[in-house]
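# What the coordinates show
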Amino acid sequence: MSESVDLALVSLFSIIGIICLTFNVLVCVVIYRSKSLRIPMNNLIFNLAISDFLIGLFILPRHVLFSKPAFRHPSDTTGDYFCKFITGSGVLWTSSTASGFLLIAIAVERYTSIMIQNRRAPLTTSHIKGVVAFCWAAGFAANLPTLIVFAYDEDADFCVENWPSWVSAKAYVMCIFFLGTSSVIVMFVLYSKVIYTLWNRQKRATEISQAARLRARKNITKLLVVVTFIHTVCRLPNYTTYLLAYYAPSVSYGSNMYNFTVLLILINSAVHPFMLCWNMQGFRRPLVVLFCCCQANRVFTEPEPSHVRSSQARGSTFHLRTQEGAADAATH
């Protein structure tokens, strides 16, 4: 039974990992090559795709490559360095934490753009770069302790956390659990306020264009709530299992149950390109052209009319702006 479960987990990690890597690379390539998508807010989506790609990349060595008998994990000092940077998932958890912070940044952008009306100072490239830098720095800082203490245990044939006696591992794990759960709560609170506000505004809307704009905003916010819900379902089991591994002796760190929670994180990263980026303004056409290869250079380099570029520059990351623009045009 155990061998069949291990084989099933390895197969799922392999298949979903390839999907995660492939589609997140496509997201990065399309955003990089398409001029119409080079707006400040898309930097968040671009970095979210990078973090999801790194999650898929660094899950594979530990849960696929070295899970097979044909591959032996290095030992001694080499094994310790492998645990810190490759198989011990130091980069994986840094990317996972940064991904959560990036989703919070998207939620904050939605909140400020809808709750604060008549905002004339949109997020600039420098603002977004600062937010992105903070997300990655915070993710690295939160996981730096585990990156330091990870080492290879030959008896367990597994990467373990060797905490020094003067450090409380339980306190650190509790902080990580609080960080993960609080980020989810923040996203739910922000989106709940946004949906409530949009619902009230839509009932008071008197013009057709205004009602259409509010309806479009409410639809995209509902999509982001679904993204947050999936993020919660896929991330909280891992935070909980990691916490229980230090507080409940019956829960084993590195068991099949724990590996299943890691699989959920991989699923979450593989879902992001489909749920978020498919709704980006102008994303589907460059993606189709990238697949077809023909006329790719003409589509990505063809200069666009000035009025199109200006409207896209004012647009947000999501397809929402297209619908709002149509509603505005109906009033003129």
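An unreviewed UniProt entry annotates the protein as G-protein coupled receptors family 1 profile domain-containing protein of Desmophyllum pertusum. The annotation that UniProt attaches to the protein under Sequence similarities (unreviewed entry) is "Belongs to the G-protein coupled receptor 1 family." As recorded by UniProt, the Subcellular location (unreviewed entry) comment attached to the protein reads in full: "Membrane".

Taken N-terminus to C-terminus, the directions of helix H2 (residues 42–65) and helix H8 (residues 256–275) make an angle of 145°; their axes are 9 Å apart at the nearest point. In this structure, H2 crosses over H8, and the sense of that crossing is left-handed. Across the interface between the two elements, Leu-48, Asp-52, Ile-55, Gly-56, Ile-59, Arg-62 and His-63 from H2 touch Tyr-258, Asn-259, Val-262, Ile-265, Leu-266, Ser-269 and His-272 from H8. Of the residues assigned to the contact of H2 with H8, the class counts are seven nonpolar, five polar and two charged.

This paragraph deals with the packing of aromatic side chains. Counting across every chain of the model gives four aromatic pairs. Look at Trp-163 and Tyr-172: their rings are 5.2 Å apart centre to centre, the planes differ by 45°, and that puts the pair in the tilted class. As far as the burial class goes, Trp-163 and Tyr-172 line up, both buried. Between Lys-170 and the ring centre of Tyr-247, over which it is positioned, the NZ or CZ distance is 5.2 Å.

About the cut-offs
- As a convention, each chain's residues are numbered from 1 in the sequence order in which they are written.
- It should be noted that, the model being predicted, local features are given only for residues of pLDDT at least 70 and side-chain atom pairs only at 80 or more, the latter also being counted only at that level, while totals for whole chains, interfaces and linings use all residues.
- Excluded from the side-chain calculation are hydrogens and water; included are all heavy atoms of the structure.
- UniProt positions are given in the numbering used here, feature names are shortened, and annotations may be inferred rather than shown by experiment.
- Angles here are taken between N-to-C directions and fall from 0 to 180 degrees, while the axes themselves are lines fitted to C-alpha atoms, restricted in helices to the stretch in contact.
- The numbering of helices and of strands both runs from the N terminus, where a helix is a DSSP run of H or I of at least 4 residues and a strand a run of E of at least 2.
- If you view the pair so one helix is near and one far, a crossing is left-handed when the near helix is turned anticlockwise from the far one by less than a right angle, and right-handed when it is turned clockwise.
- Residues are treated as being in contact if the distance between any of their heavy atoms lies within 4.5 Å.
- Under the scheme applied here, ten amino acids are nonpolar (Ala, Val, Leu, Ile, Met, Phe, Trp, Tyr, Cys and Pro), four are charged (Asp, Glu, Lys and Arg), and all others, including Gly, are polar.
- The criterion for an aromatic pair is that two Phe, Tyr or Trp rings (for Trp, the six-membered ring) have centres within 6.5 Å, with stacked assigned to planes under 30 degrees apart, edge-to-face to planes over 60 apart and tilted to the rest.
- For the exposure calls, accessible area comes from a 1.4 Å probe over protein chains only, and a residue counts as buried if that area is under 20% of its type's maximum, exposed if over 50%, partly exposed in between.
- We call a charge positioned over a ring when the NZ of a Lys or the CZ of an Arg lies within 6 Å of the ring centre and within 35 degrees of the ring normal.

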